[in-house]
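Observations on chain architecture
Now for the letters of each chain:
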Amino acid sequence: FLNGYNVTRLTIGGENGTIDGSGAFWWDRFWLGTEQHTRPSLFECVQCQHIVLQDTTFKNAGFWTIHPVLSRDVVAKRITVLS
């Protein structure tokens, strides 16, 4: 749902905000064999740097919950992951 490529200096945070990926929709389709596409990650950044995730709940991902790929200086502070 939230994707970035070659992003620098990004903060995702709030006063205990929630990012909900509606995972049941994606998982039901996956287990029934009806999904024709790749399920979405809740947060994915590729080749990013200086990323901060803070004071946020990430829940109900369709695939990966937090997926930093080939990224540097990714910091998670006071987050909750519910899957």
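Whatever comes next refers back to the structure up there.
Here goes a summary of the coordinates provided. What you are looking at is a predicted structure, and each value in this text was computed from that prediction instead of being measured. (Residues numbered from 1 in each chain as written. Predicted model: local features only at pLDDT ≥ 70, side-chain atom pairs only at ≥ 80, totals over all residues. Heavy atoms only, no water.)

Let's talk about the overall build of the protein
Within the protein one finds one helix and seven strands. Taking the principal axes of its C-alpha atoms as reference, the protein extends roughly 40 × 25 × 10 Å. Buried residues in the protein amount to 29% of all 83 residues. Counting every atom, the protein has about 5,500 Å² of accessible surface; 53% of that belongs to carbon and sulfur. Side chains of the protein carry 7 positive and 7 negative charges; the gap between the two charge centres is 6 Å. (Helix = DSSP H or I, 4+ residues; strand = E, 2+ residues; numbered from the N terminus. Buried < 20%, exposed > 50% of the residue type's maximum accessible area, 1.4 Å probe, protein only. Areas by Shrake-Rupley, 256 points an atom, 1.4 Å probe, with all protein chains shown as cover. Lys, Arg positive; Asp, Glu negative; His and termini not counted. Charge placed at Lys NZ, Arg CZ, Asp CG, Glu CD.)

Looking at the side chain of T57
Examined against the element boundaries, T57 turns out to sit in strand β4 (residues 49-59). Taking the relative accessible area as the measure of exposure, T57 reaches 18% and is therefore buried. If sequence neighbours within four positions are ignored, T57 has contacts with G17, T18, I19, T80 and L82. (Contact = heavy atoms within 4.5 Å.)

Concerning the packing of aromatic side chains
This model, assessed by the stated rule, comprises five aromatic pairs. Geometrically, the ring pair formed by W27 and W31 is stacked, given 6.2 Å between the ring centres and 25° between the ring planes. Placement of both W27 and W31 in helix α1 (residues 23-32) is noted, with a separation of four residues, approximately one turn of the helix. Clustering of aromatic rings is evident, with ring pairs tying together W27, F30 and W31. The ring of W27 has R39 lying over it, and the distance from NZ or CZ to the ring centre is 4.2 Å. The ring of F30 carries the charged tip of R39 above its face, separated from the ring centre by 4.0 Å. (Phe/Tyr/Trp six-rings, centres within 6.5 Å; stacked < 30°, edge-to-face > 60°. Lys NZ or Arg CZ within 6 Å of the ring centre and 35° of its normal.)

A word on the pattern of salt bridges
It is possible for side chains bearing opposite charge to pair when their charged atoms get close. According to the stated counting rule, one finds three salt bridges in the structure shown. Note that R29 is salt-bridged to E35, the shortest N-O span being 2.6 Å. (Salt bridge = Lys/Arg side-chain N within 4 Å of Asp/Glu carboxyl O.)

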